[in-house]
Amino acid sequence: MDMNQPCIDIYNHVMPLKYLEEMKVHSSDPGLAKRMSSLKLLWDIPARVEMLKKWPQVKQILSLAVPSPDMLGGPDLSPKLARIANEGMYEMCQTWPDQFPSFVASLPMNNPAAAIEEMDFAINQMGAVGVQILTSVNGRAIDNPEFLPIFERMTNHYQLPIWMHPIRLANKPDYVDEEKSKYEFWQVLGWPVETSLAMTRMVFSGLFDKVPNLKLITHHCGGMLPYFGGRAETLWAQLGARSADGAEKDVLKNLKKAPIDYFKMFYGDTVLGGSASALRCGLDFFGSEHVVFASDCPFDPEGGEMYIREGIKSVFSVGLSPEDIHKVCCGNAAGLMKQDYFK
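Keep in mind the model is a prediction, meaning the values are calculated, not measured.

Asker: Tell me about the overall build of the protein, residues and numbers included.
Answerer: Summing up its helical and strand segments, the protein has 17 helices and 11 strands in all. Computed over the C-alpha atoms, the radius of gyration of the protein is 19 Å, within 12% of the 20 Å expected from 2.2 N^0.38 for a compact globule of 343 residues. Dimensions along the principal axes, computed over C-alpha positions, put the protein at roughly 60 × 50 × 45 Å. With 343 residues in all, the protein has 55% of them scored as buried. A sequence separation of at least 24 residues applies to 76% of the contacts in the protein between residues at least 6 apart. Taken as a whole, the protein presents about 15,000 Å² of accessible surface, with 53% of it coming from carbon and sulfur. Across the protein, the 33 positively charged side chains and the 41 negatively charged ones have centroids separated by 2 Å.

Asker: Residue-level account of the sheet that holds strand β10 (residues 267–269), with values.
Answerer: Spatially, 6 strands are ordered β4-β5-β8-β9-β10-β11 in an open sheet, and the strand pairing comes out parallel. Each having just a single partner strand, β4 (105–106) and β11 (291–292) make up the two edges of the open sheet. Strand direction decides the pairing type here: strand β5 (residues 131–134) and strand β8 (residues 162–165), joined by 4 bridges, are parallel. Each bridged residue has a counterpart across the sheet, and for V131 the counterpart in β8 is I162.

Asker: Let's hear about the side chain of H165: which residues, and what values?
Answerer: Looking at the element boundaries, H165 is found in strand β8. When residues no more than four places from it in sequence are discounted, the contact partners of H165 are Y11, H13, V66, Q132, I133, L134, T135, W191 and H219.

Asker: Would you mind going over helix α7 (residues 112–126) in detail, with residue names and values included?
Answerer: Working note: α-helix, 3.6 residues per turn, so residues spaced by three or four point in the same direction. Taking 1.5 Å of rise per residue, 15 residues should cover 21 Å, and α7 covers 20 Å from first to last C-alpha, within 8% of that figure. Listing the buried residues of α7 in full gives P112, A114, A115, E118, M119, D120, A122, I123 and M126.

Asker: Please give an account of the sheet that holds strand β2 (residues 58–64) that cites residues and values.
Answerer: Read across the open sheet, the 3 strands follow the order β1-β2-β3; overall the sheet is parallel. The strands lining the two open edges of the sheet, one partner per strand, are β1 (7–14) and β3 (102–103). By the bridge criterion, 6 bridges tie β1 to β2 in an arrangement that is parallel. Paired with N12 across the bridge in β2 is L62. Most of the contacts of helix α6 (residues 78–95) go to β2, to which it runs at about 165 degrees, and overall it touches β1, β2 and β3.

The rules behind the values
- Residues numbered from 1 in each chain as written.
- Predicted model: local features only at pLDDT ≥ 70, side-chain atom pairs only at ≥ 80, totals over all residues.
- Heavy atoms only, no water.
- Helix = DSSP H or I, 4+ residues; strand = E, 2+ residues; numbered from the N terminus.
- Rg over C-alpha atoms; globule rule 2.2 N^0.38 Å.
- Buried < 20%, exposed > 50% of the residue type's maximum accessible area, 1.4 Å probe, protein only.
- Contact = heavy atoms within 4.5 Å.
- Areas by Shrake-Rupley, 256 points an atom, 1.4 Å probe, with all protein chains shown as cover.
- Lys, Arg positive; Asp, Glu negative; His and termini not counted.
- Charge placed at Lys NZ, Arg CZ, Asp CG, Glu CD.
- Pairing = 2+ DSSP bridges.
- Expected span 1.5 Å × (residues − 1).
- Axes fitted to C-alpha atoms, helices over the stretch in contact; angles between N-to-C directions.

This is a description of form; function is not addressed.
Structure follows, in structure tokens:
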């Protein structure tokens with residue numbers, strides 16, 4: 001097979017230098033600031049472009065690395081930070097359009113009205129092809145009614161996808177008698193848990209019934225759901241049976257579909273550390289029409305190259321037909337964004 005198949009890398013990260021400076025000023029997490037500052041290809045974009053010359057078939061849709069604007073400032077400051085991030089990514093796309101044809105806008109989610117204003121500006125004035133949200137807004141559930149207009153406008157007005165990135169910080173302990181998470185569990189396994197939790201809240205709150213055409217891309221191929229799909233399907237079919245008061249027993253009656261069918265409406269990216277077996281599981285769960293290529297560049301042990309190389313290799317290692325390889329590598333992404341970058 002042709003390993004030079006065109007690829008749209010739909011989930012990778014950058015941090016504009018101006019935003020990086022704001023993060024150093026406003027972040028309360030010194031570990032996070034240290035990590036972002038040390039990743040050269042996150043903010044040294046000429047170096048990133050030079051690295052990408054090894055993969056001329058890859059085009060990256062840029063998204064902001066965490067922390068998001070609402071993690072750095074309150075509702076009065078976060079809109080300014082979101083604009084700094086989005087203008088920085090727009091400038092990258094204007095400077096290197098062959099490598100970065102477009103970007104995903106960041107929103108000040110702790111200010112929903114300003115988030116919609118920034119969405120409109122980024123899409124209409126800068127050509128953003130979607131928006132990125134986190135799995136929670138400073139610890140608040142993403143299915144909170146005040147966030148519904150954001151989902152509705154992206155879906156009903158723009159018909160563009162939403163990227164969802166997991167978030168959990170080191171200061172959230174794993175056990176009640178400890179002060180912080182140990183061994184970086186908070187990220188390595190905690191982030192897939194947070195993705196799964198956010199997906200669950202969306203499904204059971206009826207979000208997909210309220211916004212049936214919602215297109216939402218989950219990072220790390222849907223968190224835990226593909227691998228625990230059988231458990232999720234059989235146990236959630238008994239929702240309410242395990243609680244003493246049975247308070248949630250009527251939730252299933254209010255949904256138009258079985259819960260597992262909603263979970264399969266999400267999209268999953270291929271960011272799995274290059275694991276072909278994990279990708280095969282994700283493909284079995286979502287189907288080849290709902291999986292999109294992504295690298296998570298530059299968050300790999302090599303500082304940028306490994307996840308691109310191993311991610312492409314994994315797509316070609318799971319027995320997909322040439323047609324399905326094309327869907328995963330670029331066809332599905334092009335359809336979601338309504339853009340064909342390989343004409």
